[in-house]
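A structural walkthrough
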Amino acid sequence: MAKITVSTLAKMKRENNKITSLTAYDASFAKLFHDCGVDVLLVGDSLGMVLQGNDDTLAVTTDEVAYHTKCVRAGSKDVFVIADMPFMSYSNVQTSCENAAKLMRAGANMVKLEGGDWLYDSIKALTQQGIPVCGHLGLTPQSVHVFGGFKIQGRDDDKANKMVEDAKALEAAGAQLLVIECIPSALAKRITEAVSIPVIGIGAGKDTDGQILVMHDLVGISAGYIPKFSKNFLLETGNMHDAVKKYCDDVKAGLFPTNEHEFN
Ligand code: KIV
């Protein structure tokens with residue numbers, strides 16, 4: 001599989017070729033996902049929940065994400081890897097740069113930060129220093145206590161309009177990719193059309209430039225329950241390789257997600 005870069009992802013948006021993405025935390029799964037044709041791997045701070053068994057992502061540290069980034073990079077030298085910047089690891093420009101550098105040195109191709117226009121200066125500084133940035137809007141899990149739970153975001157007009165403006169601000173600051181999580185599909189479509197950078201959705205309907213899932217959700221082994229926006233691809237395929245392939249094929253063909261996985 002050809003090496004994916006930020007230019008490849010930008011071209012995929014222009015050509016309406018859907019981007020496939022999964023979280024990964026170790027070398028074995030990174031290799032399998034890459035072999036199955038997944039375009040982008042995210043070393044998500046979801047590791048705090050699916051690997052460490054916590055109720056949220058807040059306890060995850062930059063060193064832990066760096067460790068898992070090293071593992072994922074060891075699994076495939078060609079895969080495009082995004083590493084999550086954990087809670088409070090980007091609270092000011094200096095901290096952002098120091099922690100992002102750790103993740104890049106561990107093997108990431110890009111770092112992901114949760115939040116809107118208040119990140120402008122940090123994103124500008126990171127990109128000026130050669131660190132590609134992915135933004136993350138909507139249900140940003142590091143703000144779970146501000147939201148009062150893992151709740152759909154952007155349902156009222158003011159919040160929806162603000163999210164569109166935030167997406168534009170992130171792009172203006174230099175972000176080259178955007179993840180939007182658990183928002184109404186119509187809003188996801190608006191955001192995807194409002195920016196020229198690729199937008200990857202999770203619980204954001206079918207009209208984004210690509211899809212991402214937490215790998216444990218894709219195979220139905222997340223602690224507790226399968227979120228409405230996800231699907232257990234292992235059930236219909238019976239093995240991990242075919243489950244990942246089916247996910248990629250369905251995303252590329254516009255067959256996943258369907259109405260049953262989206263929010264209004
Ligand atoms: O941490 C994570 O896995 C994420 C995805 C849910 C997008 O941020």
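In what follows, the structure referred to is the one given above.
Residues numbered from 1 in each chain as written. Predicted model: local features only at pLDDT ≥ 70, side-chain atom pairs only at ≥ 80, totals over all residues. Heavy atoms only, no water.

**Some remarks on the environment of Asp-121**
Note the threshold: The helix count covers DSSP runs of H or I at least four residues long, the strand count covers runs of E at least two residues long, and both are numbered beginning at the N terminus. Exposure is judged per residue with a 1.4 Å probe applied to protein chains only, and the accessible area is read against the type maximum: over 50% gives exposed, under 20% gives buried, and values in between give partly exposed.
Looking at where Asp-121 falls in the secondary structure, it is placed in helix α6 (residues 120–128). Look at Asp-121 and you get exposed, because its relative accessible area is 53%. Separated by 48 residues in sequence, Asp-121 and Arg-73 have C-alpha atoms that sit 29 Å apart.

**Quick notes on unusual backbone geometry**
With an omega dihedral of 0°, the bond running from Phe-256 to Pro-257 counts as a cis peptide bond. With respect to the helices and strands, the residue Pro-257 is situated in the segment after α12 (240–252). One non-glycine residue, Asn-16, lies in the positive phi region at around 60°. For Asn-16, the location among the structural elements is in the loop between α1 (6–14) and β1 (19–23). A positive phi angle, near 50°, is found at Cys-182, a position not held by glycine.

**Description of the side chain of Thr-140**
Threshold: Here a residue-residue contact requires only that any non-hydrogen atoms of the pair lie within 4.5 Å.
On the secondary structure map, Thr-140 appears in the loop between β5 (133–138) and α7 (144–147). Setting aside its immediate chain neighbours within four residues, Thr-140 contacts Glu-114, Gly-115 and Phe-147.

**Observations concerning the pairing of strand β8 (residues 210–213)**
This is how it is decided: DSSP calls a pair of strands paired once it identifies at least 2 bridges connecting them.
Residues of β8 alternate between two faces, with Gly-210 and Ile-212 on one and Gln-211 and Leu-213 on the opposite face, all of them buried. Bridge count between β1 and β8: four bridges; the pairing is parallel. Paired with Ile-19 across the strands is Gly-210, a residue of β8. Bridge analysis of strand β7 (residues 199–202) against β8 gives two bridges, and the strand direction is parallel. Following the sheet pairing, Ile-200 is matched in β8 by Gly-210.

**A few points about the site of the ligand**
Stated precisely, the cut-off is as follows: For this purpose, a residue is taken to be near a molecule or strand whenever a single non-hydrogen atom of the residue falls within 4 Å of it. Residues adjacent in sequence count toward polar contacts only when both atoms are side-chain atoms; beyond that, a polar contact is any pair of N or O atoms within 3.5 Å, and within protein one must be able to donate a hydrogen and the other to accept it. Think of it as three bins: nonpolar holds Ala, Val, Leu, Ile, Met, Phe, Trp, Tyr, Cys and Pro, charged holds Asp, Glu, Lys and Arg, and polar takes everything else, Gly as well.
Inspection of the region around the ligand gives Thr-23, Leu-42, Gly-44, Asp-45, Ser-46, Asp-84, Lys-112, His-136, Val-179, Glu-181, Ile-202 and Val-214 as its neighbouring residues. Between an oxygen atom of the ligand and a side-chain N or O atom of Asp-84, the distance comes to 3.0 Å. In the model, an oxygen atom of the ligand is placed 2.9 Å from a nitrogen or oxygen of the Lys-112 side chain. Considering only residue class, the shell around the ligand consists of four nonpolar, four polar and four charged.

**Some remarks on the sheet that holds β5**
Which entries qualify depends on this criterion: Orientation is described by axes fitted as lines to C-alpha atoms, over the contacting stretch for helices, and by angles from 0 to 180 degrees between their N-to-C directions.
Strand order in this closed barrel of eight strands is β1-β2-β3-β4-β5-β6-β7-β8, and the pairing throughout is parallel. Across this sheet, the average inter-strand angle for adjacent strands is 25°, counted without regard to direction. Of the strands in this sheet, β2 (40–43) and β3 (80–84) are in contact with helix α4 (residues 62–75), which crosses β3 at around 170°.

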